[in-house]
Amino acid sequence: MITPRYLPHDWFPLPLPENVQIGTRSWLDTSFCFLHYRSTRPCGVRIGRDTGIYSGSSFELGVNGEIEVGDFCTVVGATFATDNRVEIGDYTFISYEVFIADHPFPVPPDLDRIPGFASKPSTIHIGRNVWIGARATICGEVRIGDASIVGAGAVVFEDVPPQTVVAGNPARVVRHLQPGLTNQPDICF
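Predicted model, so just to flag it, every value in this text is computed and none were measured.

Peer 1: Honestly, the overall build of the protein chain in this entry has me stumped. Any pointers?
Peer 2: Per the secondary structure count, the protein chain includes zero helices and 19 strands. Taking all 189 residues of the protein chain together, the buried fraction comes to 47%. Pairs at least 24 apart in sequence give 28% of the contacts found in the protein chain among residues at least 6 apart. Total accessible area computed for the protein chain in this model is approximately 10000 Å², and 57% of it derives from carbon and sulfur atoms.

Peer 1: Which parts of the structure should I look at to understand the nonpolar core?
Peer 2: Nonpolar side chains tend to gather and get buried jointly when the protein is soluble and globular. Residues Phe-59, Phe-80 and Ile-132 are the most contacted members of the largest nonpolar core, which totals 37 residues. Going through the elements one at a time, strand S3 (45-47), strand S5 (58-61), strand S6 (66-69), strand S9 (85-88) and strand S12 (123-126) are the ones with two or more residues in this core.

Peer 1: Looking at this structure, I do not really get the pattern of salt bridges. What am I missing?
Peer 2: One side chain can pair with another of opposite charge once the charged atoms of both are near each other. Within the structure shown, the criterion is met by nine salt bridges. A salt bridge links Glu-68 to Arg-46; the nearest nitrogen and oxygen atoms lie 3.8 Å apart. With Glu-68 in strand S6 and Arg-46 in strand S3, the pair connects residues that are 22 residues apart, well separated along the chain. Residue classification places Arg-46 among the partly exposed residues on the basis of a relative accessible area of 29%. With a shortest N-O distance of 3.8 Å, Asp-50 and Arg-49 are connected by a salt bridge. When salt bridges that share partners are traced, they join Arg-46, Glu-66, Glu-68, Arg-85 and Glu-87 into one network.

Peer 1: Just checking my understanding: could you explain the sheet that holds strand S1 (residues 20-22) for this structure?
Peer 2: Each strand in a sheet pairs with its neighbour through backbone hydrogen bonds, running either in the same direction (parallel) or in the opposite one (antiparallel). One open sheet holds the six strands; their spatial order is S1-S3-S6-S9-S12-S15, and the pairing between them is parallel. Each of the sheet's edge strands pairs with one partner strand only, and the pair in question is S1 and strand S15 (143-144).

Peer 1: Please clarify how the sheet that holds strand S14 (residues 137-139) should be interpreted in this entry.
Peer 2: The sheet built from five strands is open, its strands ordered S5-S8-S11-S14-S17 with parallel pairing. If you trace the sheet from one side to the other, it starts and ends with S5 and strand S17 (155-156), each paired once. By the bridge criterion, three bridges tie strand S11 (residues 99-101) to S14 in an arrangement that is parallel. Within S14, the position partnered with Phe-99 by the bridge is Thr-137.

Peer 1: Would you mind going over the packing of aromatic side chains with me for this structure?
Peer 2: Given two aromatic rings, their pairing is described by the distance between the two centres and the angle made by the two planes. One pass over the full model with this rule turns up seven aromatic pairs. Summarising the aromatic geometry, the rings of Phe-12 and Phe-32 are spaced 5.0 Å apart at their centres and angled 75° between planes, so their arrangement reads as edge-to-face. With Phe-12 in the segment before S1 and Phe-32 in the loop between strand S2 (27-28) and S3, this residue pair connects regions lying 20 residues apart in the sequence. Of the residues examined, Phe-12 reaches a relative accessible area of 14% and is grouped as buried. Owing to a relative accessible area of 36%, Phe-32 belongs among the partly exposed residues under this scheme. Aromatic pair Phe-59 and Phe-80: ring centres 5.3 Å apart, planes at 10°, arrangement stacked. Of this pair, Phe-59 sits in strand S5 while Phe-80 sits in strand S8 (residues 79-82), and the two are 21 residues apart along the sequence. Assigned by exposure class, Phe-59 and Phe-80 land together as buried. An aromatic cluster is defined as three or more aromatic residues linked by ring pairs; in this entry it consists of Phe-34, Tyr-37, Phe-59 and Phe-80.

About the cut-offs
Residues numbered from 1 in each chain as written. Predicted model: local features only at pLDDT ≥ 70, side-chain atom pairs only at ≥ 80, totals over all residues. Heavy atoms only, no water. Helix = DSSP H or I, 4+ residues; strand = E, 2+ residues; numbered from the N terminus. Buried < 20%, exposed > 50% of the residue type's maximum accessible area, 1.4 Å probe, protein only. Contact = heavy atoms within 4.5 Å. Areas by Shrake-Rupley, 256 points an atom, 1.4 Å probe, with all protein chains shown as cover. Core = buried A, V, L, I, M, F, W, Y, C linked by side-chain atoms within 4.5 Å. Salt bridge = Lys/Arg side-chain N within 4 Å of Asp/Glu carboxyl O. Pairing = 2+ DSSP bridges. Phe/Tyr/Trp six-rings, centres within 6.5 Å; stacked < 30°, edge-to-face > 60°.

Here it is in structure tokens:
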């Protein structure tokens, strides 16, 4: 039997799910973000090192759900609703009330139990050094390219090319960023 893991600073009385991995020096605000978590994958959520998952974030995963968050990321109050896979690259920032789902409409995390409504395997891929603005919505199987920006309130149903700014509903390209930009932040240690 595995000993339950609790966050030392947590106000919520339940332990972390056994199949959640948290990288070194990373911060997870509370185990409450797993209240609607049903993943039975060997590793349902993997949080990279030096990454922060802050207040209001929620992992609403079905039994097949799987999320991998890279290193040096910040997630502030985002909701992940999937029964598939979500990949988030290193150095990515996801702002307040962002909604990331593998369907364009709200569905329960155990959607395989609904007759005639089985989900198809898909992956949402968010590249390295991506910024996603407040209240953006990302739905369906999409790829957001490296060093891209998704504007606040944007609704993304289609792929976003690398080094591109998208905004609006539906999201459209509003600007192309300089090709010489790097995928590393401009900070010195």
